[in-house]
Amino acid sequence: MAVAGRPNVGKSTLVNALCGGKVAIVSDKPQTTRHRISGVVNGEDSQLVLVDLPGFQRPRDPLTEHMQRTVDASLEDVDAVLFVLPVDEPVGGGDRFIASRVLGGRTPVVVAVNKVDLAGPGEIAAALLAAAALGDAHAYHPVSAATGDGVDSLRAELAALLPEGPAYFPDDQLTDQSVESRIAELVREPALALTKEEVPHAVTVEVDELTQERVRAIVWVETESQKGIVVGKGGHMIKEIGSQARPEIDALLGRSVYLELMVKVRPRWRRDEAMLARLGI
């Protein structure tokens, strides 16, 4: 089941809430989700696989071209679409473009109007009416991924749309991502939160070594000036990134590890097809 929406509408936060655990990193920066990420929701007699997609966007470079191709390909073969809209922003051109892609076809679409914890009843009602004006959907759900309001009923609605078939993942598996990929994202998350301007878009992370006792990861940027920002004065910034990432990495691995972060420059990596392939983008 594909999760569609423009950037920054809370898709990843909602996927995490539906899965009951952290599948995707979240931030207030566009382009946070760069890969197709599957989150697994196991019910008593169902297994719901939610595909958290990069936000719909106009491609500007090979990185965003790859991201948009991921979106397009993922919409081709799904049982249903979860279309996420935010309650605190008016419907815009991006929302209408997505609606034109997903509504009106054979694939059922469930619309989630997210962030209802930020709005009153009148605003929620207006947002639901605006969502309905985009086209016919199977159902509309006001939800708050942040507080969990409405998430249970949305999960049940989505599970009811599943066709009969075998489970694709073991009962205890939360996502299809490798451990290395999840660690890299857990490092990138605080890097996004702690840096400003263009730096977040130019940051990516690659795990270089993973043992029982140690994780070594490379934080890639595109320029020396970006490296200076990510390292920080006296190494303060990279130390803070590591200190925020380490507890989540320990929790993921189920053990305490030594985390070593190195910041390196790879000019224009977002336009480097070989680098994008190596990163799995």
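Scroll up a little and you will see the structure.
Definitions and cut-offs
- Residues numbered from 1 in each chain as written.
- Predicted model: local features only at pLDDT ≥ 70, side-chain atom pairs only at ≥ 80, totals over all residues.
- Heavy atoms only, no water.
- Pairing = 2+ DSSP bridges.
- Helix = DSSP H or I, 4+ residues; strand = E, 2+ residues; numbered from the N terminus.
- Axes fitted to C-alpha atoms, helices over the stretch in contact; angles between N-to-C directions.
- Contact = heavy atoms within 4.5 Å.
- Buried < 20%, exposed > 50% of the residue type's maximum accessible area, 1.4 Å probe, protein only.
- Arc of directions from axis to C-beta.
- Salt bridge = Lys/Arg side-chain N within 4 Å of Asp/Glu carboxyl O.
- Parallel < 35°, antiparallel > 145°, perpendicular 65-115°, else oblique.
- Nonpolar A, V, L, I, M, F, W, Y, C, P; charged D, E, K, R; others polar.
- Left-handed = near helix turned anticlockwise from the far one by under 90°.

(A) Structural context of the sheet that holds strand 7 (residues 204-210). Strand order in the open sheet formed by 3 strands is 7-8-9, with mixed pairing between adjacent strands. Edge positions in the open sheet fall to strand 7 and strand 9 (258-265), since each of these has one partner strand only. Strand-to-strand, the axes of this sheet are offset by a mean angle of 25°, without reference to chain direction. Strands in contact with helix 6 (residues 179-194) are strand 7, strand 8 (214-221) and strand 9; relative to strand 7, the strand with the most contacts, it is inclined by about 130°.

(B) Highlighting helix 3 (residues 93-102). Buried residues of helix 3: Asp-95, Ile-98, Ala-99 and Val-102, and no others. In a view along the axis of helix 3, the buried residues occupy a sector of 105°, so they form one face of it. Where helix 3 is buried, its residues touch strand 1 (2-4), strand 4 (81-86) and strand 5 (109-114). Just downstream of helix 3 lies Gly-104, where phi reads positive at about 90°.

(C) The arrangement of the pattern of salt bridges in detail. This model, assessed by the stated rule, comprises 13 salt bridges. Of the charged contacts in the structure, one is a salt bridge between Arg-155 and Asp-152, with a shortest N-O distance of 2.8 Å. Remark: Asp-152 and Arg-155 occur in helix 5 (residues 151-160); sequence separation between them is 3 residues, near one turn of the helix. Overall, the relative accessible area of 23% leaves Arg-155 in the partly exposed class. Of the residues examined, Asp-152 reaches a relative accessible area of 55% and is grouped as exposed. Here Arg-270 ties to Glu-222 by a salt bridge, and the two come within 2.7 Å at their closest N and O atoms. One end of the pair, Arg-270, is in the loop between strand 9 and helix 10 (273-278); the other, Glu-222, is in the loop between strand 8 and helix 8 (224-231), and 48 residues separate them in sequence. The buried category is assigned to Arg-270, whose relative accessible area is 11%. In this structure, a network of salt bridges that share partners links the residues Asp-208, Glu-209, Arg-214, Arg-216 and Glu-260.

(D) Structural detail: the packing of helix 1 (residues 11-19) against helix 5. Look at helix 1 against helix 5: their axes get within 10 Å of each other, and the N-to-C directions meet at 80°. Relative to helix 5, helix 1 is oriented roughly perpendicular. Each of Leu-14, Ala-17 and Leu-18 in helix 1 lies in contact with helix 5, whose residues at this interface are Val-151, Leu-154, Arg-155 and Leu-158. For the contact of helix 1 with helix 5, a count of residues per class yields 6 nonpolar, no polar and 1 charged.

(E) View of the packing of helix 6 against helix 9 (residues 236-253). For the pair helix 6 and helix 9, the least separation of the axes is 9 Å and the interaxial angle reads 145°. When the axes of helix 6 and helix 9 are compared, the crossing they make is right-handed. When helix 6 is examined against helix 9, the residues Val-179, Arg-182, Ile-183, Leu-186, Val-187, Glu-189, Pro-190, Ala-191 and Leu-194 are found in contact with a partner set consisting of Met-237, Glu-240, Ile-241, Gln-244, Ala-245, Glu-248, Ile-249, Leu-252 and Leu-253. Among the residues making up the contact of helix 6 with helix 9, the classes are represented as 13 nonpolar, 1 polar and 4 charged.

(F) A look at the sheet that holds strand 2 (residues 37-42). Read from one edge of the open sheet, 6 strands run 2-3-1-4-5-6, paired in mixed fashion. Since the sheet does not close on itself, it has two edges, and those belong to strand 2 and strand 6 (139-142), each with one partner. When strand polarity is set aside, the average angle formed by the axes of neighbouring strands in this sheet is 25°. Looking at chain direction, strand 5 and strand 6 are connected through 4 bridges and run parallel. Looking at the pairing, Val-110 lines up with Ala-139 of strand 6. Taken strand by strand, helix 1 contacts strand 1, strand 2, strand 3 (47-52), strand 4 and strand 5, and its axis lies near 165° from that of strand 3.

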